[in-house]
Amino acid sequence: MDKKGKILVTGGAGYIGSHTAVELINQGFEVVIIDNLSNSHADVIDRIEQITGTKPAFEKFDICEEDKLEEFFIKHQEIQAIIHFAASKAVGESVEKPLLYYKNNIISLINLMKGMKKHNIPNIVFSSSCTVYGEPDELPVTEKAPVKPAVSPYGNTKQIDEEILKDTAKSDNFYQTIALRYFNPIGAHESALIGELPLGVPANLVPFITQTAAGIREQLSVFGDDYNTPDGTCIRDYIHVVDLAKAHIVAVKRLMEGKNKSSFEFFNLGTGKGTSVLEAINSFEKVSGVKLNYKIVARREGDIEKVYADTSFANEELGWKSEKELDEMMLSAWKWQQKITK
Ligand code: NAD
Ligand code: WQD
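No experiment lies behind these values; they were computed from the predicted model shown. Throughout this document, residue positions are counted from 1 along each chain, in the order its sequence is written. Think of it this way: whatever chain is written first is A, whatever ligand is written first is 1, and the rest follow in order. Given that this is a predicted model, residues contribute local features only at a pLDDT of at least 70 and side-chain atom pairs are listed and counted only at 80 or more, while totals for whole chains, interfaces and linings are drawn from all residues. The basis for the side-chain values is all heavy atoms of the structure; hydrogens and waters are excluded.

A. Broad picture of the overall build of the protein chain. The secondary structure listing takes helices from DSSP runs of H or I that are at least 4 residues long and strands from runs of E that are at least 2 residues long, numbered from the N terminus. Helix and strand content of the protein chain: 11 helices and 13 strands. Every radius of gyration here is taken over C-alpha atoms, with the globule rule written as 2.2 Å times N^0.38, N being the number of residues. For the protein chain, whose C-alpha radius of gyration is 19 Å, the value lies close to the compact-globule estimate of 20 Å for 342 residues. Summarising its shape, the C-alpha atoms of the protein chain cover approximately 55 × 45 × 40 Å along the three principal directions. Relative accessibility under 20% of the residue-type maximum defines a buried residue, over 50% an exposed one, and the middle range a partly exposed one, all with a 1.4 Å probe and only protein chains included. For the protein chain, with 342 residues in total, the buried portion stands at 55%. Pairs of residues are marked as contacts when any of their non-hydrogen atoms sit within 4.5 Å. Counting contacts in the protein chain only where the partners sit at least 6 residues apart, residues at least 24 apart contribute 80% of the total. Accessible area for the protein chain stands at about 15000 Å²; split by element, carbon and sulfur atoms hold 50% of it. Only four residue types enter the charge count, namely Lys and Arg as positive and Asp and Glu as negative; His and the chain termini do not. Where a charge lies is defined by one atom per residue type, namely NZ (Lys), CZ (Arg), CG (Asp) and CD (Glu). Each charge class in the protein chain can be summarised by its mean position, and for the 39 positive and 48 negative side chains these summaries are 2 Å apart. Accessible surface area values rest on a Shrake-Rupley calculation with a 1.4 Å probe, where residue burial reflects the displayed protein chains alone.

B. Spatial organisation of the site of ligand 1. Neighbouring residues are identified by heavy atoms, a residue being near a molecule or strand if any of them is within 4 Å of it. The full set close to ligand 1 counts 27 residues, and Asp-35, Asn-39, Ser-40, Asn-104 and Tyr-154 are the nearest of them. Identification of polar contacts relies on pairs of N or O atoms within 3.5 Å, with a donor-acceptor requirement for protein atoms, meaning one able to donate a hydrogen and the other able to accept it, and with residues adjacent in sequence counted only if both atoms are side-chain atoms. Here an oxygen atom of ligand 1 and a backbone polar atom of Ser-38 are 3.0 Å apart. Here Tyr-154 contributes a side-chain N or O atom positioned 2.6 Å from an oxygen atom of ligand 1. In the complex, 95% of the free accessible area of ligand 1, which totals 820 Å², lies under the protein chains. Those elements that provide at least two residues to the shell around ligand 1 are helix H1 (15-26), strand E5 (123-129) and helix H6 (153-171). Within the shell around ligand 1, the residues separate by chemical class into 13 nonpolar, 10 polar and four charged. Here the term charged refers only to Asp, Glu, Lys and Arg, the term nonpolar to Ala, Val, Leu, Ile, Met, Phe, Trp, Tyr, Cys and Pro, and the term polar to all other amino acids, Gly among them.

C. Local environment of the sheet that holds E5. Two strands make a pair as long as DSSP finds a minimum of two bridges between them. Read from one edge to the other, the open sheet built from seven strands follows the order E3-E2-E1-E4-E5-E6-E11, with strand pairing classed as parallel. Each edge of the open sheet is held by one strand with a lone partner, namely strand E3 (57-59) and strand E11 (264-269). Averaged over all pairs of adjacent strands, the angle between strand axes in this sheet comes to 20°, irrespective of strand direction. Bridge analysis of E5 against strand E6 (residues 176-182) gives seven bridges, and the strand direction is parallel. Considered in E6, the bridge of Val-125 is made with Ile-178. Together, strand E1 (6-10), strand E4 (79-84) and E5 form the strand contacts of helix H5 (residues 98-118), whose direction differs from that of E4 by roughly 170°. Axes, fitted as lines to C-alpha atoms, cover a helix only where it is in contact. Angles between the N-to-C directions of the axes lie from 0 to 180 degrees.

Any link to function would need more than the numbers given here.
Structure (structure tokens):
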């Protein structure tokens, strides 16, 4: 079958990148992955092959190393677009190691964009985050909401990267760019062959829930139930990682077909539904049949009280809408945890 085009997926051995690589291959694209395996394992590439029947080309190196990236672009011709997932993403770690985050998350993008121009690759889809909105003034949050001063170096790197895309595309209309602002990706592929692989103690809610249920963690701490929300716990917009992956295919096709309306576009990727921590726990207990051991503790520094997306722009302009509900997200996360715990 003729391929629909060759796509570079940076960070493609990671959580969202691997799910996106599966969807790209399923939709007939040729995929090449760059990953330095700083937060993932090489066997994910084999798992992508197990799921799709096709093994993507894979090169292991750090895209902050410009000479290696240049060699890569010489070796891999005909790339038509890049989906850029590769970054460091732990908010807490970014506070302790800001220089590592500024280097990794910004130099990687600058190197990619220089290589794009040199090797005639105009299209890039960038992994951004709802963290750029901070605590929104209005909910649900639309793309018109102001970007607020970042509360972590990690969040700041996402804002800076968006500015780099915007300013570069403005200065040179060779570049055609889309930033996708993810809300809270959770869950795993239905095969339970790929999923979120948090190394060390998970910072995020859902892997902590599943590890507690699996007996890896003693007890889940719920960070505060004194917020101004119906049950007192924080509200987020949890979106299934496969729904998120599919949005990337829509975005990259938009650029490749020249349907983007400006050279820097950005979209909120969420479900449009707000879910509290206790609601997430209840959903998990329902679908897993496991009574979760948790306790309410003090608030976590820097937590946003409520954030969930207005998805109408992505729905109407991209023609993309999330499909999976919370229970399915939680069940897929649990099946993945059970698989890796074995
Ligand atoms: P992840 O850590 O699972 O995947 C990132 C991958 O990039 C890893 O496999 C890592 O080894 C690789 N990588 C990191 N730096 C690299 C470098 N310099 N060169 C080559 N490879 C490198 O993270 P994820 O959850 O899949 O997130 C993917 C992207 O989405 C990131 O940019 C992240 O900031 C963004 N994002 C994630 C979330 C979330 O909750 N997971 C939310 C919003 C945005
Ligand atoms: C969700 C809710 C916590 C853990 C972060 C980053 C964001 C993005 C997604 C990269 C909050 C509560 C959590 C726990 C808890 N990452 N919680 N006990 O903070 O919304 O977003 O991950 O781009 O940038 O900020 O996600 O999963 O950490 O927390 O009670 O052990 O669960 O207070 O209300 P968050 P999270």
